Amino acid sequence: MNIINLNNVEFGYGKLKVLRNIDLSVEEGQFLSIIGPNGAGKSTLLKVINNIYENYEGNISIYGKNAKDYKRKELARIISFVPQDTFLDFEFSIEELVFMGRYPFQKRFQNDAKHDYDISYRAMALTNTLEIKDRLITQISGGERQRALIAKALAQDPKIILLDEPTSHLDINHQIEVLELLKELNLKQNLTIISVLHDLNLASRYSDKLVLLKDGQILKSGSVEEVLTASNIENAYNMRAVVELNKFTNSLFVTPIESKKRNKNTSLPSIHLIAGGGSGQAIISRLLKEGVDLSVGVLNVGDSDWQLAKSLKVEMVEEKPFSAIKEETSYENLNLMRTKDIVVIAQVPIGHGNLLNLEMALTAINEGKEVIYVKENIEKNIDYTNGIATKIMNELILKGMIVLNSIEDLLNYLENYKRK
Amino acid sequence: MKHNYKKKSKLNILISLSVLLIIIVAIVSAIGSANIKALDVYRVIFSKIPIINKYVNMEKITDAQFAIIWNVRLPRVILGILVGASLSVAGVSFQGLLKNPMADPYILGVSSGAALGATVAIISQFEYVKYGFSSITFAAFIGAITAVFIVYNIGKINNKLSTNTLLLAGVAVGQFFTAIMSFLMVVNSNDMSKIIYWTMGSLSGKGWNPVKTLSIPILLTIVVLIYYSKELNILLTGDETAKSMGVNVERTKEIILVLGTLLTSLVVSVSGIIGFVGLIIPHITRIIFGPDHRILLPCSAIVGAIFMIITDTISRTLISPVEIPVGIITAMFGGPFFIYLLRSKKKMM
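Residues numbered from 1 in each chain as written. Chains lettered and ligands numbered in written order. Predicted model: local features only at pLDDT ≥ 70, side-chain atom pairs only at ≥ 80, totals over all residues. Heavy atoms only, no water.

Student: Can you walk me through a nonpolar patch on the surface in this structure?
Tutor: A cluster of nonpolar side chains, contributed by B:Leu11, B:Ile15, B:Val19, B:Ile23, B:Ile27 and B:Ile31, occupies part of the molecular surface with about 510 Å² of accessible area. Structurally, B:Val19 can be placed in helix α1 (residues 7-30). (Patch = residues over 30% accessible without salt bridge, like charges linked within 9 Å, V, L, I, M, F, W, Y side chains within 5 Å. Areas by Shrake-Rupley, 256 points an atom, 1.4 Å probe, with all protein chains shown as cover. Salt bridge = Lys/Arg side-chain N within 4 Å of Asp/Glu carboxyl O. Helix = DSSP H or I, 4+ residues; strand = E, 2+ residues; numbered from the N terminus.)

Student: Would you mind showing me how to read helix α7 (residues 192-200) of chain B here?
Tutor: Residues and elements named next belong to chain B. Within the sequence span of α7, burial applies to Ile195, Trp198 and Thr199. The buried residues of α7 occupy an angular sector of 95° when the element is viewed end-on, so they sit on one face. On the buried face of α7, the contacting elements are α4 (110-124), α5 (135-155), α6 (163-187) and α11 (249-271). Phi turns positive one or two residues past the end of α7, at Gly201, with a value near 80°. (Buried < 20%, exposed > 50% of the residue type's maximum accessible area, 1.4 Å probe, protein only. Arc of directions from axis to C-beta. Contact = heavy atoms within 4.5 Å.)

Student: Help me understand the pairing of strand β14 (residues 294-300) of chain A in this model?
Tutor: The two faces of a sheet get side chains in turn, since along a regular strand they alternate between them. All names here are of chain A. Most of β14 sits inside the fold, with six of its seven residues counted as buried. Of the strand pairs in this sheet, β14 and strand β15 (residues 315-319) are connected by five bridges, and their pairing is parallel. What sits directly across from Val296, in β15, is Met316. In this fold, the crossover linking β14 to β15 by way of helix α11 (residues 304-311) has right-handed handedness. (Pairing = 2+ DSSP bridges. Right-handed = clockwise from strand over helix to strand, strands pointing away.)

Student: What is the right way to read unusual backbone geometry from this model?
Tutor: Most peptide bonds adopt trans geometry, and most residues besides glycine take a negative phi value. All names here are of chain A. Cis rather than trans, the peptide bond between Gly297 and Val298 has omega equal to -10°. Positive phi, normally seen in glycine, also occurs at Asn8, with a value near 50°. With respect to the helices, strands and loops of the structure, Asn8 is situated in strand β1 (residues 2-13). Among the residues examined, Asn8 registers a relative accessible area of 40% and is labelled partly exposed. A positive phi is found at Asp215, a non-glycine position, where the angle reads about 50°. Turning to its location among the elements, Asp215 is positioned in the loop between β9 (209-214) and β10 (217-222).

Student: How should the nonpolar core be read in this particular structure?
Tutor: Within soluble globular proteins, side chains that are nonpolar generally end up buried alongside one another. Within the largest apolar cluster, 157 residues are counted, with the highest numbers of intra-cluster contacts made by A:Ile150, B:Trp198 and B:Ile274. Looking at which element gives the most residues to this core, the answer is helix α3 (residues 63-98) of chain B, with 15 residues. Ignoring sequence-local partners within four residues, the contact set of A:Ile150 consists of A:Val82, A:Thr127, A:Leu163, A:Val178, A:Leu181, A:Leu182 and A:Leu185. Core analysis: the next-biggest nonpolar cluster, separate from the first, contains 34 residues, A:Val9, A:Phe11, A:Leu19 and A:Ile79 among them. (Core = buried A, V, L, I, M, F, W, Y, C linked by side-chain atoms within 4.5 Å.)

Student: Honestly, the interface of chain B and chain A in this entry has me stumped. Any pointers?
Tutor: Where interface size is given, it is often the accessible area lost as the parts come together that is meant. Listed per partner, the contact involves 30 residues of chain B and 39 residues of chain A. At the boundary of chain B with chain A, total buried surface from both sides reaches about 3,100 Å², with 56% on carbon and sulfur atoms. For the pair chain B and chain A, the interface holds two salt bridges. Linking B:Glu240 and A:Lys47 is a salt bridge whose minimum nitrogen-to-oxygen distance equals 2.9 Å. (Buried area = accessible area lost by both parts, 1.4 Å probe.)

Student: Can you walk me through the sheet that holds strand β6 (residues 79-82) of chain A in this structure?
Tutor: Strand pairs in the sheet, formed through backbone hydrogen bonds, run parallel or antiparallel to each other. Residue and element names in this part refer to chain A. As summarised here, the arrangement of the six strands in space is β6-β7-β8-β3-β9-β10, forming an open sheet in which the pairing is mixed. Single-partner strands in this sheet number two, and they are β6 and β10. Strand-to-strand twist in this sheet, taken as the mean axis angle between neighbours without regard to direction, amounts to 15°. Relative to strand β7 (residues 160-164), β6 runs parallel, the two sharing four bridges. The residue bridging Ile79 from the neighbouring strand is Ile160, located in β7. (Axes fitted to C-alpha atoms, helices over the stretch in contact; angles between N-to-C directions.)

Student: I tried to follow the packing of aromatic side chains on my own but got confused; where do I start?
Tutor: Ring pairs (aromatic) are described by centroid distance and by the angle formed between their planes. Going through the model one piece at a time under the given rule, you end up with eight aromatic pairs over all chains. Where B:Trp70 meets B:Trp208, the ring centres are 4.8 Å apart and the plane angle is 40°; that geometry is what we call tilted. Residue B:Trp70 is located in helix α3, and its partner B:Trp208 is located in helix α8 (residues 208-227); the two are separated by 138 residues in the primary sequence. Both rings, one in B:Tyr227 and one in B:Tyr228, keep their centres 5.8 Å apart while their planes meet at 70°; by these two values the pair is edge-to-face. Residue B:Tyr228 is classed as buried on the basis of its relative accessible area, which comes to 8%. One aromatic cluster is present, formed by A:Phe99, A:Tyr117 and A:Tyr121 through successive ring pairs. The ring of A:Tyr70 has A:Lys65 sitting right over it, with the charged end atom 4.7 Å from the ring centre. The ring of A:Phe105 is capped by A:Arg77, whose NZ or CZ atom sits 5.9 Å from the centre of that ring. (Phe/Tyr/Trp six-rings, centres within 6.5 Å; stacked < 30°, edge-to-face > 60°. Lys NZ or Arg CZ within 6 Å of the ring centre and 35° of its normal.)

Student: How should helix α13 (residues 355-366) of chain A be read in this particular structure?
Tutor: The α-helix winds at 3.6 residues per turn, so residues separated by three or four positions along the chain end up facing the same way. All names here are of chain A. With 12 residues, α13 extends 17 Å between its outermost C-alpha atoms, agreeing within 8% with the 16 Å of an ideal straight helix rising 1.5 Å per residue. Taken across its 12 residues, α13 has nine buried, putting it largely inside the fold. On its buried side, α13 packs onto β13 (271-274), β14, α12 (327-338), β16 (342-345), β17 (370-374) and α14 (388-398). With its phi angle positive at about 100°, Gly368 sits one or two positions after the end of α13. (Expected span 1.5 Å × (residues − 1).)

Student: How should the sheet that holds β14(A) be read in this particular structure?
Tutor: Residues and elements named next belong to chain A. Strand order in the open sheet formed by six strands is β15-β14-β13-β16-β17-β18, and the pairing between neighbours is parallel. Edge positions in the open sheet fall to β15 and β18 (402-404), since each of these has one partner strand only. Averaged over all neighbouring strand pairs, the angle between strand axes comes to 20°, with direction disregarded. As defined by bridge partners, β17 adjoins β18 across three bridges and the pair is classed as parallel. For Ile372, the partnering residue across the bridge sits in β18 and is Ile402.

Student: Would you mind showing me how to read the environment of A:Lys209 here?
Tutor: Residue and element names in this part refer to chain A. Examined against the element boundaries, Lys209 turns out to sit in strand β9. Assessed through its relative accessible area of 13%, Lys209 is described here as buried. Here Lys209 is in contact with Leu24, Ser25, Gln30, Phe31, Leu32, Ser33, Ser221 and Gly222, once residues within four sequence places are set aside.

Student: How should the pattern of salt bridges be read in this particular structure?
Tutor: A side chain with one charge may pair with a side chain of the opposite charge, provided their charged atoms come close. Residues and elements named next belong to chain A. Under the definition given, this model contains 27 salt bridges over all chains. Here Asp208 and Lys183 are joined by a salt bridge, their closest N and O atoms 3.5 Å apart. In this pair, Asp208 is assigned in the loop between α7 (200-206) and β9 and Lys183 in helix α6 (residues 172-188), connecting sequence segments 25 residues apart. Residue Lys183 is classed as buried on the basis of its relative accessible area, which comes to 17%.

Student: Is there a simple way to explain the pairing of β17(A) in this structure?
Tutor: Residues and elements named next belong to chain A. Here β17 lies mainly inside the structure; four of its five residues are buried. Here four bridges tie β16 to β17, and the two strands are oriented parallel to one another. Paired with Val343 across the strands is Val371, a residue of β17. Between β16 and its parallel partner β17, the chain crosses via α13, and the hand of that crossover is right-handed.

Student: Just checking my understanding: could you explain the packing of helix α10 (residues 281-289) of chain A against helix α15 (residues 407-417) of chain A for this structure?
Tutor: When two helices pack together, you describe them by how their axes are tilted relative to each other and by the distance separating the axes. Residues and elements named next belong to chain A. Taken N-terminus to C-terminus, the directions of α10 and α15 make an angle of 35°; their axes are 11 Å apart at the nearest point. Helix-helix and strand crossings are classified by hand; for α10 and α15 the assignment is right-handed. For the pair α10 and α15, contact is made by Ala282, Ile283, Arg286 and Leu287 and by Ile407, Glu408, Leu410, Leu411 and Leu414, respectively. Its residues placed into classes, the contact of α10 with α15 shows seven nonpolar, no polar and two charged. (Left-handed = near helix turned anticlockwise from the far one by under 90°. Nonpolar A, V, L, I, M, F, W, Y, C, P; charged D, E, K, R; others polar.)

Purely spatial values, then, with no claim about function.
Below, the structure written as structure tokens:
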């Protein structure tokens, strides 16, 4: 059941629109996270939902009733809000703070009734703050303060709880502690949770639904799998990232790779790389960082170098997973080599399956192409073909292949290439 | 320090403080050149109450003693209670509302406005008495309200009160009014000492009149401010949090500001600018009783009243028969005591 509906909501300060065309619905019992880069309007969206910012355009309904038709106290009995960075300078005890949460239910001069005690103590028990209830909020750790603030929000006995970056300024153990607590409340109390989260991996791990904001608009909303794709992240954050399944948490994990802002560097020579099995990862990321026009091949689909190259959108010649390179694929690869200035061979183990890559390099050097072998580890044996690979390597060296011992040497070589 | 005062202990604290106030009222009323016993003070008070007065033995009290207690000492002590309570309550409210420990009742320009008003009345030699109040009192009240009105309108941006703008406007308008007052003082140097004495504050020689007129509005205002103590507590957690908890933040702020300045203006126009009480008593009470306004506001009213009448007694007896302006005494005795409390609190933590 949809309990919150936002219909074409816009909000801004003067002419500057902070939120535009926001359409969003939240189901009862959902754990929804709002993600997006700084300044995308995440906190603003949260505050508009809570009617803290009132002069928005469009329509927000909560439990079927227009948010603007609620009285403040009435709304506070349904939604509670945990703000970011609450600066509390006055020496209330945790217990006193949590009891404040009963405000929307109490009349003036009404003392705390048994009912208020029960709910406040239950809120403290759920958040593990009962044993520290007499401590002053000025004298507790960041994690404890966050739990106390969540306890205060729970004392409001809400159906929906909004949190603005509940994990910012917390150590990783406290981040997990707070989110585990929220997830537990979400599952056991059927509490609907809407949280702004900075950390994409925490968002993917705990949320049922994600909303990705950019420049005040919803770029994508839906399940974690729908929203957390490399292209959505690239679009929102202007950054390349790899999204893969984390085996430990069984949730999608985002690894930022590099900022997209760099343009191709035309002063460096273009390169075709022969790699595989992870041997090319360092070279690929370094060369891309320098802005080299790069292609890779042939790589089997699913190979770790293939995954990296794919996510970074490197031009590539592919072969089916776990199968030997076919002849026509390797000719395709040769054609790609012909368009580049230099062919670089990483220290890739050569077996019968990828021997054709090496043979094509030999063809290329015979055609006058410059070939460089980056031999990072002198000890390492790469020949799994009973000497055929070694024979080709020796022939390549005979034909003038340059052997370099590190990626740094390769980069130095490329720097000086233009002057030759 | 632990502040978990439950309902019962809250009530106990209030009762103990009230008893203490009643005892001190008798003691300070008895102190002075005339030979008066503390118990005589109660006899005089009870003799004025219908029904009870039949049971009071008045034989040992001479007419002169009666006159001193009833006409001189008691009105002055009760005015002291009103002034001390008002300044403390206004100070607590402003410190809480503006979340600024430097805030005092005068921070929004009340004192400078009142001083300028009083100065104008003094140098214009305009004598006018209505309802027992002098033209100086009226002019001071008008000056105070005018200053706050200006500050308030500067601090209101887009219909919202901005705390920082309010504080800065208070400082700027206050300085401006003080400058005009100083200029008027220099031009009319004959009245200088009278103006300076007024600005240092005094409770002497006011009689019953200000007590009769001011006690009801002052008590009502204090009660309404206590009525808002839950909101004051919640406002300490931030405006947005308060709003999300159902507090009508803007209206609450306006009401508290208006009531606080009204309280201060009423008191200042009668007694002059008595400094320090409204800054220090809120801090002292907060250190002792904690930040919960439900207990802090009533306690600070009583503690402020006690502090005021003790310091006023010192001001009239220290180099008797010369009266020292009470503002000097409040700072001279309150300052060191406050520093002592601050330091002992730090050691505890």
